[in-house]
Amino acid sequence: MDFTFTEDQQLLADSVATFLHREVTPERIRASWEGEGSDTRLWQQLVELGLPAMLVPEEHGGLGMNELDFIQIAQECGRVALAEPLVEMAMIATPMLAQLAAGSQPCARVLQQIAAGEARVAIGHPLNPAVADAGIADWLLLASGREVHLVPSDAATLIRQDSVDPSRRLYTPEWDRTAPTYRVAGEEAGAAAWCAALNRGAVLNAALLLGLAQGMVAQSVTYAGDREQFGRPIGANQAVKHHMANCAVQAEFARSPIYRAAYAVAQDPARAHIAASHAKLAAGEAALLAAKNAIQVHGAMGYTWECNLHIWAKRAWALEKNWGDAGFHQERLHAWLLEDTTDIGAEHTFDYPAPEALDSAA
Amino acid sequence: MQLSFSAEDEQFREEVAGWLQRNLTGEFEQLKFRGGPGDEHMFPQERKAWEQKLAEGGWTCVGWPRAYGGRGCSIEQQVIFFEEYARAGAPGRVGHIGEGLAGPTIIAFGSQAQKEKYLPGIVAGTELWCQGYSEPGAGSDLANVRTRARFDATRNQWLITGQKVWTSLAHESDYCFIIARTDPDSAAHQGLGFFLVKMDQPGIEIRPIQQITGTSEFNEVFFDDAECGADDIVGAPGEGWKVAMGLLGFERGVSTLGQQMLFQNELDEIVNIARDNGAARDPVIRQRIADAHIGLKIMRYNSLRMLSGSEDGSLQQEALIYKLYWASWHRDLGELAMDVLGMQSEILEAPPYELSRLQSMYLFVRSDTIYGGTNEIQRNIIAERGLGMPREPKVQIKVQDSQ
Ligand SMILES: Cc1cc2nc3c(=O)[nH]c(=O)nc-3n(C[C@H](O)[C@H](O)[C@H](O)COP(=O)(O)OP(=O)(O)OC[C@H]3O[C@@H](n4cnc5c(N)ncnc54)[C@H](O)[C@@H]3O)c2cc1C
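Every value quoted in this text rests on a predicted model; they were computed, and no experiment measured them.

J.: Let's hear about the overall build of chain B: which residues, and what values?
T.: Broken down by element type, chain B carries 11 helices and 8 strands. Relative to a compact globule of 403 residues, whose C-alpha radius of gyration would be 22 Å, chain B shows 22 Å and is just as compact. The principal-axis extent of the C-alpha atoms belonging to chain B is close to 70 × 50 × 45 Å. Across the 403 residues that make up chain B, the buried fraction comes to 54%. Considering only contacts in chain B between residues 6 or more positions apart, those separated by 24 or more positions represent 72%. Mean positive and mean negative side-chain charge positions of chain B (39 and 56 charges, respectively) differ by 3 Å.

Have a look at this one:
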């Protein structure tokens, strides 16, 4: 057993983190709220770093890396509250295309375009309320029943929806569901692909949520050291310290299930249900607590639009409900745990659930 | 113990309900269920007109003594009034700071002249008030205010200079009550004065602050030699802290019952959604709905029990624990609302940034645990004053010159 990242994985994550912390400033995020959003130059920089191509298989011109290589990068994206759809496009949509590429020419072609930095793909999972960033995507991966449709974005009508998080650009797409050229997976293959996408999405969002929690704690710790009341920093008060310590504990303990779930998804996404649900639940709880306590520690300042904190808090509130909300993931865990045949002893820590158990948890 | 209302009170209930039914119509119809938590910035003009409509019917300041223009209602009748008001979906009151805070303070501590000058406008619903306590350096540490009041004998005016912040509805208000330092060499709660200041004057500048809801209900207020008449200080110079603290007692009076009815409306809406969208099938959601119901009933019984033993409708004792309880309960309710809405909770009503009632509520509850004394400060007070536990170390600080 080795529950650590390789030196290469760590180096990559660190260098991307350095880039993100330098480039993704709150000012830049706020600027992207104007108009149709999306910071074209920033996306170009992400392409130059090779990030969108990471999970494209080598045979389609990509780097052939996996979710485990990406998970810490996703966490850093959360920490800086990156508004660009890197994570959804590169880690959820791209592997789904790769999964379907063997039987679908269009998927293979789009993968080539992603690897070359020429195309962006948005994904509309039925468990999400809308398709994020469809407006800047070239292709849309959409669900019609269980079928997967790959639709050029200019062939779809996009109805804009506002999110509670001003950084998120949501759309409800309408397209000709009967056009045979769009269908890249039928009912059966589609069901498997959406199931794998959901598990990836949950793990990925968990990493983002963890990063968001860490970002909020960091800002609040700084604020609590600077803001003075009663002649001393507010952070000198035990009540304030305990708020932050509680958040730190939850966030730190969410890391292991997330990394474990990234491993599961990289190995076999269609059987990663339990690990993925666990990760999403742990990270969602950590992020909601961090948002709550961070605002509380900022006092009235934390309730303003001007204070950067709400960029993080609102992202956390939105993402916690995407890729399956807490009720959904708890239900999946319960359904599996309460089966007569489920083995949950210590010796099964790294097992995958039996396929029949997954049916009841589907 | 007699846990029911008298026949006379029930008749009063019909009177209130009937009046509201007849008058919350026409131009006021659109105000139903508006102006509540997170929605206070909506329809200011229409809600001002509604205040005056209420006044015409004698439904402002229902708990004030008749001598001051109030309706002189008993505690029971006030309870009934607030219940019916909320049940009818009548709008959030823009006059609440005058009626609930400024007025009672003036009645308790003000001069005869101040009563004559200020109370009629509050009763008539024509003059609105805001509360100027907090400053950039004086939040939880309210006694750290630096705004100065200097008496100019030649003009026979107090001249006020400094800055207030988070002043709710300052932009809609005619008057502001503020605490300011009358003795420049004083520190903490010594040397403060309590002033009644006219907002429309050259020495006052109001700048809105945008909230996380995207709207602006509170403001920064800058005072630059703003004038306040020699007769418009409540109590003597140096007694401002006593007056200000007296006022905090009123903040948690009978009006809490009206707030509970608003909470009930919110909970009802959440329960209805949970039934319709299937969230109520989730056992965790079901349990949280039951918890929310229990919490609300606890608040209600507790308030009624305290009120029925109180002489004047103020909740001095209970104020200690009530703020912490309702604020935390309401914040939890916001989270429950979003969990019931599930993935739809993220989607706004319309661009640009138009929130639904429950979304506004969810964002607004984040401030409930902050304004009027943060949860942490409330716990300190409960432990130190309520339970007599050892006090936190206090650091004495000298107020510095703000100029
Ligand atoms: C929506 C809204 C409306 C408002 N309306 C008004 C208004 O109309 N008029 C007005 O005067 N004010 C108003 N306020 C201001 C409000 O009273 C203050 O926000 C409140 O007193 C807290 O002060 P602060 O925001 O400066 O937070 P701070 O005092 O800076 O507190 C920050 C954090 O530190 C904690 N903390 C501070 N000291 C201690 C301590 N000793 N022990 C433990 N923890 C501590 C606090 O609990 C909080 O979590 C409003 C605020 C809001 C949010």
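J.: So, unusual backbone geometry: which residues are in play, and what are the values?
T.: Look at the link from Pro351 of chain B to Pro352 of chain B: it is a cis peptide, with omega at -10°. Topologically, Pro352 of chain B is positioned in the loop between helix H9 (316-341) and helix H10 (357-368). One non-glycine residue, Phe230 of chain A, adopts positive backbone phi at about 55°. Following the sequence through the fold, Phe230 of chain A ends up in the loop between strand S8 (228-229) and strand S9 (232-233). Although it is not a glycine, Trp166 of chain B sits at a positive phi angle of roughly 65°. Position of Trp166 of chain B relative to the elements: it lies in strand S3 (residues 157-168). Residue Trp166 of chain B is classed as partly exposed on the basis of its relative accessible area, which comes to 22%.

J.: So what's going on with the domain arrangement of chain B? Which residues, and what values?
T.: All names here are of chain B. On domain assignment, one finds that chain B holds domain 1 (7-94), domain 2 (129-238) and domain 3 (252-386). Computed from C-alpha coordinates alone, the two centres of domain 2 and domain 3 are separated by 30 Å. Across the boundary between the two partners, domain 2 contributes 4 residues, which contact 5 residues of domain 3. For the pair domain 2 and domain 3, the summed buried area comes to about 390 Å², and 71% of that belongs to carbon and sulfur atoms. Sorting the residues of domain 2 by area buried against domain 3 places Ser140, Ile212 and Thr213 first, and these three jointly supply 92% of that buried surface. For the pair domain 2 and domain 3, the interface holds 0 residue pairs in polar contact (both at pLDDT 80 or more). For the side of domain 2 that touches domain 3, the class distribution of residues is 1 nonpolar, 3 polar and no charged.

J.: Describe in detail the pattern of salt bridges, supporting the description with residues and values.
T.: A full pass over the atoms with the stated rule returns 38 salt bridges over all chains. In this structure, Arg183 of chain A engages Glu147 of chain A in a salt bridge whose closest nitrogen and oxygen atoms are separated by 3.2 Å. Here Arg183 of chain A, found in strand S7 (residues 183-185), pairs with Glu147 of chain A, found in strand S4 (residues 147-152); they are 36 residues apart in sequence, far enough to count as distant. Looking at Glu147 of chain A, the relative accessible area reads 18%, which means it is buried. Salt bridges linked by common partners bring Glu10, Arg13, Glu83, Glu84, Arg87 and Arg300 of chain B together as one network.

J.: Pulling in residues and values, what's your account of the sheet that holds strand S6 (residues 169-174) of chain A?
T.: Residue and element names in this part refer to chain A. The strand order S2-S6-S5 describes an open sheet built from 3 strands, whose pairing is antiparallel. Across the chains shown, the open sheet's two edge strands, defined by having one partner strand only, are strand S2 (131-132) and strand S5 (157-162). Pairing analysis gives 2 bridges linking S2 to S6, with the strands arranged antiparallel. Residue pairing across strands places Val131 opposite Tyr171, the latter belonging to S6.

J.: Please give an account of the side chain of Asp9 of chain B that cites residues and values.
T.: Residue and element names in this part refer to chain B. Relative to the helices and strands, Asp9 resides in helix H1 (residues 7-23). It is Arg13 that comes nearest to the buried, bridge-free Asp9 among opposite-charge side chains, at 8.3 Å. Setting aside anything within four residues of it in sequence, one finds Asp9 in contact with Glu76, Gln77 and Ile80.

J.: Provide a residue-level description of empty space enclosed by the protein, including the pertinent values.
T.: Enumeration according to the criterion identifies 6 cavities of 30 Å³ or more in this entry. As for the largest cavity, its lining consists of 20 residues, of which Leu82, Glu84, Pro85, Arg168 and Leu208 of chain A are closest to the centre. Counting residues per element, the ones that place at least two in the lining of the largest cavity are helix H4 (67-79), helix H5 (86-100), helix H7 (187-226) and helix H10 (309-320) of chain A. Here the residues of the lining of the largest cavity are counted per class, giving 11 nonpolar, 3 polar and 6 charged. There is about 170 Å³ of room inside the second largest cavity. Taken together, 18 residues make up the lining of the second largest cavity; nearest its centre are Phe33, Gly36, Pro37, Leu262 and Arg357 of chain B. Elements that contribute at least two residues to the lining of the second largest cavity include exactly helix H7 (255-277) and H10 of chain B. Here the element with the most residues in the lining of the second largest cavity is H7 of chain B; it accounts for 4 residues. Each residue belonging to the lining of the second largest cavity can be placed in one class, and the counts come to 8 nonpolar, 5 polar and 5 charged. Each of two domains, domain 1 (7-94) and domain 3 (252-386) of chain B, supplies a minimum of three residues to the lining of the second largest cavity.

Rules behind the numbers
- Residues numbered from 1 in each chain as written.
- Chains lettered and ligands numbered in written order.
- Predicted model: local features only at pLDDT ≥ 70, side-chain atom pairs only at ≥ 80, totals over all residues.
- Heavy atoms only, no water.
- Helix = DSSP H or I, 4+ residues; strand = E, 2+ residues; numbered from the N terminus.
- Rg over C-alpha atoms; globule rule 2.2 N^0.38 Å.
- Buried < 20%, exposed > 50% of the residue type's maximum accessible area, 1.4 Å probe, protein only.
- Contact = heavy atoms within 4.5 Å.
- Lys, Arg positive; Asp, Glu negative; His and termini not counted.
- Charge placed at Lys NZ, Arg CZ, Asp CG, Glu CD.
- Domains from an automatic or database assignment.
- Buried area = accessible area lost by both parts, 1.4 Å probe.
- Polar contact = N/O pair within 3.5 Å; in protein donor to acceptor, adjacent residues only side chain to side chain.
- Nonpolar A, V, L, I, M, F, W, Y, C, P; charged D, E, K, R; others polar.
- Salt bridge = Lys/Arg side-chain N within 4 Å of Asp/Glu carboxyl O.
- Pairing = 2+ DSSP bridges.
- 1 Å grid on protein atoms, 1.4 Å probe; cavity = no way out; pocket = protein on both sides within 12 Å on 5 of 7 lines; lining within 4 Å.
- Points joined across faces, edges and corners; volume = space filled by probe spheres on them.

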